[in-house]
Amino acid sequence: ETDGIIQTQGTYFVFAHDLVHQAVYDLIDVHEVGELHYNIGLQLVKDISPSNFPTGKESFVAIDQINKASSSVYFTDLSFRNHLATLNLKAGERLIETAESSSALVYLQHGIRHLGRDGWEENYELCLKLYESACQACYLNGFVNRVVFYAEEIDKHTTDFMRRVKAVWILIQTLGSSGKPEMAIEKAFSALRELGEEFPEGVTEADIFSTLSSTKALLSTYTKEMILNAPKLRDERKQWAIKIMDNISPFLFQINPVYLPIFGCRTVHISLSHGFCRDSWFGFLSYAHSVVSILADIDEGYRWAKIAGFIIDRFNAKSLLPRFKCVINGGVNFWKEPLQSTASALTESSKEAIAIGDVEYVMYGSSLSCVQNLLCGNKLSTLEKDIAVTVSGMVRMNQAYFLFSQLSLQKAVYALTGIKSDPFEIKFASMKNETDVISAFSATRPFLVQGVYFNIIFTAVLFRRFDEVSEVAEKYLSFGQQKSRLQDLFLVFFQGLAAFHMFRHQGRDTKWLRIGESSMRQLQLWAGHSSWNFDNKFFLLEAESHFSKGEYDRAEMKYLSAIKSSRTHRFLHEEGLSLELLSSFYEACEREDDQRNHLSRAIQCYKEWGALGLLNDSRFAGLV
């Protein structure tokens, strides 16, 4: 008779309520609790085999009971302590696989405790695995100092680099994502030297072109079928070299991007010479990205990017798909595929990365998706919420690396939506505004600073501050005129709009006309690869060019083409911009009714987009 205190659930007896459970537990003498946990756990763990670790919760309950018997009195037998440490290792590994890294760390710490102070001497292999897994769990939890601690412990007890390479790899990821990418890069190059992969201290433009061209010539002799049927890579040192080049690449992209094509080509050559591994995909995708952005061979780069995806399929490496989707949609696909599609794929890749605990690419994918959702004109109200969630996640997971550019993007969205708040006023941010970010990182993180400049430019275009667009664009381009990111392409468009405006309003200096028409030719070329993404932008620059030259009939026709293309291809904000610029054209032609009609239509587009802050601008006074 239990008087309702204990109930049955299937084959289990449980307390009727947690409070009842706690009350009974509190009645047990403190000296008896450890012994009770130990005896219960001893009965439960005796049938659990580390080599065939059960998937049910019973095994975790059993290990929990033993772990709660904290007194060392119960753990004097070495073989039993090794058994308990092994069970905790298996539990921790299982939880890491299911993205439960916080709980995993608890089991791994218990495993280390069970081995005791002499663990490295008494069971080196088990101790190494526990410290490696604890290192990984701390990385996934954003515990930077703990990662460093576990990695240093491994380093102290290991002379063979191949025995500590996994911990080094985790440490590189941790340093990079926690706002110390320079240290991560230095550590990565040191590790690559240990693995036999030497790289020059400085890479010239000639080096990059030569390396890409020779790799392109080599790959011209390979078909997709040959790649997918090539031997597998057996050399463990080469495998780790590829893995480290893969993981350091996002940080190199921001700080020292000249090494990316070198890394990509090196991975391609290793794979073709020694065999392919599950991480070979990144080298091929990095090569593809470089072929597009440096050699300007969009079709060839796009083809090899798709083959990189088939390499992942070959190895059934589903856990790498979020990374692949992030990189291919963030760096290659927008040259050929609708921007709305790549933005959506980036959002999905971030969600998939969350599910498998890939912290770095959760933040990377989220950052890229927010940028692309802004540039394809998706609703600002939704974007504002997505950015807020992303910023919160960056703070929570200690992902300082991406935070400042995201805060700058948030500030741009606040300006457009009319939110009266400063996103830089959060405790985690040591920078108080965009000027602080630019000053702090101009010498070390050019891509970060360019991202900040781009957000300023984007806002200035919508608010029709074209003199500011031209001024900030020059600062953006002072870091180089690469075409490796979507922002680089949009900058060409914005710079063209600003140039034609400056030509008409600042003395008709032909310098501005040359800049505008150079931008127009670029957009025409890109529209040949993706009419969806670039037609409307090319038409709008054409219209502005004709307007600037006094060719009014042609200008009107091209403005209307830009409006129609923007609507057809769902660039709502650019439809509004095209309508507004056509309204300005009609004003210059003294066609007052047409001017007011098209400005009203522009206002409707901006309203639908959610740009209520933009509509507070003085040029819309009395019309909203």
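Residues numbered from 1 in each chain as written. Predicted model: local features only at pLDDT ≥ 70, side-chain atom pairs only at ≥ 80, totals over all residues. Heavy atoms only, no water.

Asker: Go over the overall build of the chain, please, and point to the residues and values.
Answerer: Within the chain, the regular secondary structure consists of 30 helices and 2 strands. Along the three orthogonal principal directions, the C-alpha set of the chain runs to about 95 × 65 × 45 Å. In the chain, 66% of the contacts between residues at least 6 apart in sequence involve partners at least 24 apart. On the chain, roughly 27,400 Å² of surface is accessible, and the fraction owed to carbon and sulfur atoms is 51%. Here the chain holds 64 positive side-chain charges and 74 negative ones, and the gap between their average locations is 4 Å. (Helix = DSSP H or I, 4+ residues; strand = E, 2+ residues; numbered from the N terminus. Contact = heavy atoms within 4.5 Å. Areas by Shrake-Rupley, 256 points an atom, 1.4 Å probe, with all protein chains shown as cover. Lys, Arg positive; Asp, Glu negative; His and termini not counted. Charge placed at Lys NZ, Arg CZ, Asp CG, Glu CD.)

Asker: Before we move on, could you go through helix H24 (residues 466-477) and cite the residues and values that matter?
Answerer: In this model, H24 (12 residues) spans 16 Å end to end at C-alpha, consistent with the 16 Å of a helix rising 1.5 Å per residue. Regarding H24, the residues found buried are Phe466, Val469, Ser470, Val472, Ala473 and Tyr476. Check the buried side of H24 and you find it contacts helix H23 (446-462), helix H25 (486-505) and helix H26 (510-527). (Expected span 1.5 Å × (residues − 1). Buried < 20%, exposed > 50% of the residue type's maximum accessible area, 1.4 Å probe, protein only.)

Asker: Provide a residue-level description of the layout of surface pockets, including the pertinent values.
Answerer: Space inside the second largest pocket adds up to approximately 880 Å³. Lining the second largest pocket are 25 residues; nearest its centre among them are Phe13, Phe15, His21, Val61 and Gln65. A total of 6 residues in the lining of the second largest pocket trace back to one element, the largest contributor, which is helix H3 (residues 57-68). A breakdown of the residues in the lining of the second largest pocket according to their chemical character gives 14 nonpolar, 6 polar and 5 charged. (1 Å grid on protein atoms, 1.4 Å probe; cavity = no way out; pocket = protein on both sides within 12 Å on 5 of 7 lines; lining within 4 Å. Points joined across faces, edges and corners; volume = space filled by probe spheres on them. Nonpolar A, V, L, I, M, F, W, Y, C, P; charged D, E, K, R; others polar.)

Asker: Requested: an account of unusual backbone geometry, with residues and values cited.
Answerer: For Ala296, which is not glycine, the phi torsion reads 60° and is therefore positive. Among the structural elements, Ala296 can be located in the loop between helix H15 (280-293) and helix H16 (298-314). Residue Ala296 is classed as exposed on the basis of its relative accessible area, which comes to 59%. A positive phi is found at Arg570, a non-glycine position, where the angle reads about 65°. When you line up the elements, Arg570 lands in the loop between helix H28 (552-568) and helix H29 (572-588).

Asker: So what about the pattern of salt bridges? Which residues, and what values?
Answerer: Within the structure shown, the criterion is met by 31 salt bridges. Among the salt bridges present, the one from Arg163 reaches Glu125, with a minimum N-O distance of 2.2 Å. Placement of the pair is Arg163 in helix H9 (residues 161-177) and Glu125 in helix H7 (residues 124-141), with a sequence separation of 38 residues. Relative accessible area serves as the criterion here: at 27%, Arg163 is assigned to the partly exposed category. For Glu125, a relative accessible area of 39% translates into the label partly exposed. Of the charged contacts in the structure, one is a salt bridge between Glu182 and Arg445, with a shortest N-O distance of 3.2 Å. One end of the pair, Glu182, is in helix H10 (residues 181-194); the other, Arg445, is in the loop between helix H22 (434-441) and H23, and 263 residues separate them in sequence. Since its relative accessible area comes to 6%, Arg445 is described here as buried. Connected through shared salt-bridge partners, Arg464, Glu580, Asp617 and Arg619 make up one network. (Salt bridge = Lys/Arg side-chain N within 4 Å of Asp/Glu carboxyl O.)

Asker: Hey, could you go over a nonpolar patch on the surface for me, with residue numbers and the actual values?
Answerer: Together, Ile5, Ile6, Phe13, Phe15 and Val24 make up an exposed nonpolar region whose accessible area comes to about 440 Å². Tracing the chain through its elements places Val24 in helix H1 (residues 18-27). (Patch = residues over 30% accessible without salt bridge, like charges linked within 9 Å, V, L, I, M, F, W, Y side chains within 5 Å.)

Asker: Please give an account of the packing of helix H11 (residues 205-219) against helix H14 (residues 259-274) that cites residues and values.
Answerer: Contact pair H11 / H14: the axes reach a minimum separation of 10 Å and the direction vectors enclose 30°. Relative to H14, the element H11 is oriented roughly parallel. H14 is crossed by H11, and the crossing has left-handed handedness. Side by side, H11 and H14 meet where Asp207, Ile208, Thr211, Leu212, Thr215, Leu218 and Leu219 of the first sit next to Pro261, Ile262, Cys265, Val268, His269 and Leu272 of the second. For the contact of H11 with H14, the class distribution of residues is 9 nonpolar, 3 polar and 1 charged. (Axes fitted to C-alpha atoms, helices over the stretch in contact; angles between N-to-C directions. Parallel < 35°, antiparallel > 145°, perpendicular 65-115°, else oblique. Left-handed = near helix turned anticlockwise from the far one by under 90°.)

Asker: How would you summarise the side chain of Thr390 if you had to cite specific residues and measurements?
Answerer: Secondary-structure assignment places Thr390 in helix H20 (residues 380-396). Every residue in contact with Thr390, bar those within four places of it in the chain, is listed here: Met363, Ser366, Cys370 and Gln406.

Asker: Which residues make up the nonpolar core, and what values go with them?
Answerer: Grouped together as the largest cluster of nonpolar side chains are 208 residues, with contacts concentrated most on Trp281, Tyr606 and Trp609. It is H25 that provides the largest number of residues to this core, a total of 13 residues. Excluding its chain neighbours within four sequence positions, the residues that come into contact with Tyr606 are Leu462, His573, Gly576, Leu577, Glu580, Ala611, Leu614, Leu615 and Phe620. (Core = buried A, V, L, I, M, F, W, Y, C linked by side-chain atoms within 4.5 Å.)

Asker: Summarise the packing of helix H17 (residues 321-331) against helix H18 (residues 339-356); cite the residues concerned and give the values.
Answerer: For the pair H17 and H18, interaxial distance at closest approach is 8 Å and the crossing angle is 155°. Taken together, the axis directions place H17 and H18 in an arrangement best described as roughly antiparallel. In this structure, H17 crosses over H18, and the sense of that crossing is left-handed. Here Pro322, Lys325, Cys326, Asn329 and Gly330 of H17 lie close against H18, whose contacting residues are Thr342, Ala345, Leu346, Ser349, Glu352, Ala353 and Ile356. Partitioning the contact of H17 with H18 into residue classes produces 6 nonpolar, 4 polar and 2 charged.

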